[in-house]
Amino acid sequence: MMEPADESQLAEAVAAAVGPLCIKGGGTRPVGGRIEGETLSTAAIKGITLYDPGALTVVVRAGTPLAEIEELLAAEGQRLAFEPMDHRLLMGTKGTSTIGGVVAANVSGPRRIQVGACRDSLIGVRFVDGRGTIIKSGGRVMKNVTGYDLVKLMAGSYGTLGVISEVAFKVLPAPEATASVVIHGLGDDAAVRAMARALSEPYDVSGAAHVPDGQNTLLRLEGFAESVSYRAGKLAAALSDFGDVEIVEDREEVAEQWRNMRNVAAFADSKGDVWRLSVKPSDAPAVVARLDAHDVIYDWGGGLIWALVAAGTDLRPLLQVPGHATLVRASAATRAGVATFQPEPAPLAAISAGLRAQFDPRGILNKGMMG
Amino acid sequence: MQMPTPDATVLSRKDQIVRQLQSVLPPDAVISHPEETRAYECDALTAYRCVPLCVVLPSSTQEVSDVLKICHSQGIPVVPRGAGTSLAGGALPTADSVILGVARLNDVLETDYDNRIIRVQSGRTNLSVTGAVEDEDFFYAPDPSSQLACAIAGNIAMNSGGAHCLKYGVTTNNLLGVTMVLMDGTVVEIGGAHLDAPGLDLLGVICGSEGQLGVVTEATLRILRKPEGARPVLIGFDSNEVAGKCVSDIIRAGILPVAIEFMDRPCIRATEAFAHPGYPDCEALLIIEVEGSDSEIAAQLGLIREIAMRHKPVELRESGSEEESARIWLGRKSAFGAMGQISDYMCLDGTIPVSSLPLVLRRIGEISDQYGLDVANVFHAGDGNMHPLILYDANKPGDLELCEQMGADILRLCVEAGGCLTGEHGVGVEKRDLMFAQFTSEDLEAQLRLKDVFDPKWLLNPAKVFPLSATESRRRA
Ligand SMILES: Cc1cc2nc3c(=O)[nH]c(=O)nc-3n(C[C@H](O)[C@H](O)[C@H](O)COP(=O)(O)OP(=O)(O)OC[C@H]3O[C@@H](n4cnc5c(N)ncnc54)[C@H](O)[C@@H]3O)c2cc1C
């Protein structure tokens, strides 16, 4: 395994590589299965480059543990708004999640519907392309349209365009208080309609999820204490005709609910394959009905479906609506027959392949990961 | 400013090209008479003008595709155009180019409140998108000051922002999908009502690509429920430095206003004379807007007042009514018009880290003295996006050039302070030649390679964004 200590060593390592490289951050998110080649770890390229709380920005090197960044921000009452999921429980992995891995996989949590994905908080990136060239895009300011937005391109590129060495984020204040408005006893259809209504009220809902097992529909509110309790009351009233509505204000309990949601804790230690489906929220219940899943969770107001299904099932033919499905957890046997990422229509696949060829002409970075 | 020498073959074949375009478009959708094409000779950066070869105004994605196929097969450059409000010369024609205007593509295709999206054709104006959903109390968040005129197509191409983007983000954060025609005529659909990409984030790259990767004909946009209410507070300070400190303290206190706008003395004086909003005559003025119910607004304004008082403001005026809110915003909204009254001006758009604000304002003052041209500052202070307005006299020989040199110095200063050349207006032709101040040649090469993939022949808006020297070999190939 190669573990360069800084960006210039990283560039040398990539430039000198003679065969494929398997890019590794913390190794906690093996989405995509085994990648051939020599392991190139970014874990040693770490540390905080800059933190400017008054400007809501932080710049960190790729190998920095996510937990270290979260701690740093929490000390100033701030946070990464996109609430990255911790994959360890779901994937049964150990190790330390790095921020580079979070960005490479564009990992976002329930707050996606309010503040956007990881790519929306990301304002700058430095990376080493497949030639070993160091490239930057964006910077450390939150409004920047200078040149093409390679920042977005790198987020979610799973190490196939370049090895990320440094990232910059817009951060947000952490809220003083949070609450969950919980509706009990809803079937999937009603739950998705309830979430749609909640998201159409002016109460700044920062999470909308439904757990069919137990029939709990959860809506999260965050902000200053008085404002949260005001909005919770209003929202509960607006949803009262759906059924039995409860307001949970205990900080720990609310945090735990959403931590479990974010980490898909319900599927931990389960058997079977785990898929992640992105659809138009109102299409979700019908899609779920087709899946024959052991268990599902709806997040993002229904727009994100986590599905636990029998090993070896290909869900893509069952999708039948616009959207996409990612095979997140699966055995080697399933992976042999089912692609990790939704195949793109031909013209887009050609563009993606063209981009990979431009950024990694030798095809050595996480070969085969994205097609 | 230098533009590439027009392709003589294309110029000489104008009549044939026009006939071919007429064969795929209705008769009134091809404009070729110089008197009529002159209307398209510039965008809002009026210092640069060039009459195009001809103008086409297609009414469907299919027509856009037909036009692009013709231009692609014959190597004719194409400049996409929305409403022509670009301040960077993004829609500036070249003499050998076909202007492809999307003004006739202005329908709403779908509104879906359950999923909180709207699908529109790209020529639709920004404000009319909100107009289409307002009756249901929804709105489209990005709100450039030009929103009455500018088109969604231009907003996507420039990744435009607005006064309220501190809370709601800019165009890229509110764009869910596009229908786009590649230069060879291929129609692609990217994204839609669902979130995030199945593979590489192509949508993220297209947004902000200044019309160089494809022609966007339709867009799926996120719409949001309107807040219960919104109210601004106006705070005057006798130093820029203290005003900057106040902004940073508010942010650090965990308050996230929807807008924090900043005006300096020259700008305050000009707007006061122009629109009489009743602003205090002070060094720096902040307008901070918060949203929510009445009680939420009162609570947030209370916190802001508490913080501001620590900085000894010369004036603090909380709006108590719609009327007072309008009055507070009046001056800010007429700032550009006010400056236009007293002088010709050039509007810069660099972004800086908020923490460097006092330093950068001081340096801008020094640069202004050095060049002998006045500067007024009005900008989005929450995110550091500055809009220094350099005042000059367009009729005075040499003044424009002086103004441009001074602008370049200020933008270089923004980059040195840790910021960038442009926060929301785009590079266009205006900042094209400054790109090396911010990027290494390797950084730029990566961007050029990206364009190679989408537009291998370099026919779409080819003379923009990058220094001509950096793109010459590709444009010639
Ligand atoms: C008074 C005034 C105030 C302004 N305030 C703001 C502000 O607050 N915030 C802000 O961000 N900007 C502002 N602007 C700048 C400008 O309005 C924006 O850049 C706007 O998005 C441009 O839209 P447009 O439709 O006029 O585009 P155009 O000027 O026509 O074109 C802009 C760019 O988009 C490309 N383009 C156009 N149509 C397409 C298409 N269909 N497909 C691909 N590319 C296309 C063009 O080639 C060009 O590069 C302001 C401008 C003015 C004049």
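Criteria and thresholds
- Residues numbered from 1 in each chain as written.
- Chains lettered and ligands numbered in written order.
- Predicted model: local features only at pLDDT ≥ 70, side-chain atom pairs only at ≥ 80, totals over all residues.
- Heavy atoms only, no water.
- Near = heavy atom within 4 Å.
- Polar contact = N/O pair within 3.5 Å; in protein donor to acceptor, adjacent residues only side chain to side chain.
- Areas by Shrake-Rupley, 256 points an atom, 1.4 Å probe, with all protein chains shown as cover.
- Helix = DSSP H or I, 4+ residues; strand = E, 2+ residues; numbered from the N terminus.
- Nonpolar A, V, L, I, M, F, W, Y, C, P; charged D, E, K, R; others polar.
- Contact = heavy atoms within 4.5 Å.
- Buried area = accessible area lost by both parts, 1.4 Å probe.
- Salt bridge = Lys/Arg side-chain N within 4 Å of Asp/Glu carboxyl O.
- 1 Å grid on protein atoms, 1.4 Å probe; cavity = no way out; pocket = protein on both sides within 12 Å on 5 of 7 lines; lining within 4 Å.
- Points joined across faces, edges and corners; volume = space filled by probe spheres on them.
- Domains from an automatic or database assignment.
- Buried < 20%, exposed > 50% of the residue type's maximum accessible area, 1.4 Å probe, protein only.
- Pairing = 2+ DSSP bridges.
- Lys, Arg positive; Asp, Glu negative; His and termini not counted.
- Axes fitted to C-alpha atoms, helices over the stretch in contact; angles between N-to-C directions.
- Parallel < 35°, antiparallel > 145°, perpendicular 65-115°, else oblique.
- Left-handed = near helix turned anticlockwise from the far one by under 90°.
- Arc of directions from axis to C-beta.

S.K.: For the site of the ligand, give the residues involved together with the corresponding values.
M.R.: Residues and elements named next belong to chain B. The environment of the ligand is formed by 33 residues, the closest being Pro 80, Gly 82, Thr 85, Ser 146 and Ser 160. Within the backbone of Gly 84, one N or O atom sits 2.7 Å away from an oxygen atom of the ligand. Note that an oxygen atom of the ligand is positioned 2.9 Å from one of the backbone N or O atoms of Ser 145. Calculation on the ligand without its partners gives an accessible area of 980 Å², and the protein chains cover 92% of this total. For the shell around the ligand, the elements supplying multiple residues, two or more each, are strand E3 (78-81), helix H6 (152-158) and strand E10 (215-222). Looking at the shell around the ligand residue by residue, the classes come out as 14 nonpolar, 16 polar and three charged.

S.K.: Before we move on, could you go through the interface of chain B and chain A and cite the residues and values that matter?
M.R.: Across the boundary between the two partners, chain B contributes 91 residues, which contact 75 residues of chain A. Taken together, the two surfaces of chain B and chain A that pack against each other cover about 6,500 Å², and 59% of this comes from carbon and sulfur. Scanning the region where chain B abuts chain A turns up eight salt bridges. For the side of chain B that touches chain A, the secondary structure elements donating two or more residues are strand E5 (108-112), helix H7 (165-168), strand E9 (187-191), helix H8 (202-206), helix H9 (240-252), helix H11 (294-310), helix H16 (435-438) and helix H17 (441-454) of chain B.

S.K.: Break down empty space enclosed by the protein for me, with residues and values.
M.R.: Under the definition given, this model contains two cavities of 30 Å³ or more. Looking at the largest cavity, its volume works out to about 50 Å³. Lining the largest cavity we find A:Ala55, A:Thr57, A:Arg140, A:Val141, A:Met142, B:Ile352, B:Pro353, B:Val354, B:Gly382, B:Asp383 and B:Gly384. Residue classes in the lining of the largest cavity are distributed as six nonpolar, three polar and two charged. Within this model, the second largest cavity holds a volume of roughly 40 Å³. Every residue lining the second largest cavity is listed: A:Met85, A:Ser108, A:Gly109, A:Pro110, A:Met261, A:Arg262, A:Asp299, A:Leu304 and A:Trp306. Among the elements of the structure, helix H10 (251-262) and strand E16 (304-309) of chain A are those that each provide at least two residues to the lining of the second largest cavity. Partitioned by chemical class, the residues of the lining of the second largest cavity number five nonpolar, two polar and two charged.

S.K.: Report on the domain arrangement of chain B, specifying residues and quantitative values.
M.R.: All names here are of chain B. Assigned domains within chain B: domain 1 (8-103), domain 2 (108-225), domain 3 (228-339) and domain 4 (343-428). Placing a centre on the C-alpha atoms of domain 2 and another on those of domain 3 gives a separation of 30 Å. At the junction of the two partners, domain 2 supplies six residues and domain 3 supplies eight residues. Buried area between domain 2 and domain 3, summed over both chains or domains, comes out near 630 Å², and the portion from carbon and sulfur atoms is 57%.

S.K.: An account of the pairing of strand E8 (residues 175-181) of chain B is needed here, citing residue identities and associated values.
M.R.: All names here are of chain B. Of all seven residues in E8, seven are buried; the element is thus mostly enclosed. In terms of strand pairing, E8 meets E10 through six bridges, oriented antiparallel. Paired with Leu 175 across the strands is Leu 221, a residue of E10. When E8 meets E9, the two strands line up antiparallel, connected through five bridges. Among the inter-strand pairings, Val 178 is bridged to a residue of E9, identified as Ile 190. Between E8 and E9, which pair antiparallel in sequence order, lie five residues; one of them, Gly 185, sits at a positive phi of approximately 95 degrees.

S.K.: Describe the side chain of B:Asp112, with residues and values.
M.R.: As for its position among the elements, B:Asp112 is in strand E5. Buried within the structure, B:Asp112 lacks any salt-bridge partner; A:Lys280 is the closest side chain of opposite charge, at an N-O distance of 4.1 Å. One polar contact links B:Asp112 to B:Asn115, side chain to side chain, over a distance of 2.8 Å.

S.K.: A description of the packing of helix H14 (residues 357-371) of chain B against helix H15 (residues 399-416) of chain B should follow, citing residues and the corresponding values.
M.R.: Residues and elements named next belong to chain B. Put simply, H14 and H15 touch, their axes get as near as 10 Å, and they point 155 degrees apart. Taken together, the axes of H14 and H15 lie roughly antiparallel to each other. In this structure, H14 crosses over H15, and the sense of that crossing is right-handed. Packed against H14, whose contacting residues are Val 360, Arg 363, Ile 364, Ile 367, Ser 368, Gln 370 and Tyr 371, the element H15 presents Leu 402, Gln 405, Met 406, Asp 409, Ile 410 and Leu 413 at the interface. Among the residues making up the contact of H14 with H15, the classes are represented as eight nonpolar, three polar and two charged.

S.K.: Before we move on, can you summarise helix H18 (residues 468-476) of chain B with the specific residues and values?
M.R.: Residues and elements named next belong to chain B. Listed in full, the buried residues belonging to H18 are Leu 468, Thr 471 and Arg 474. Looking straight down H18, one finds that the buried residues subtend no more than 125 degrees of arc, so they occupy a single side. Facing away from the buried side of H18 by more than 90 degrees, the exposed set consists of Ser 469, Ser 473 and Arg 476. At its buried positions, H18 is contacted by H17.

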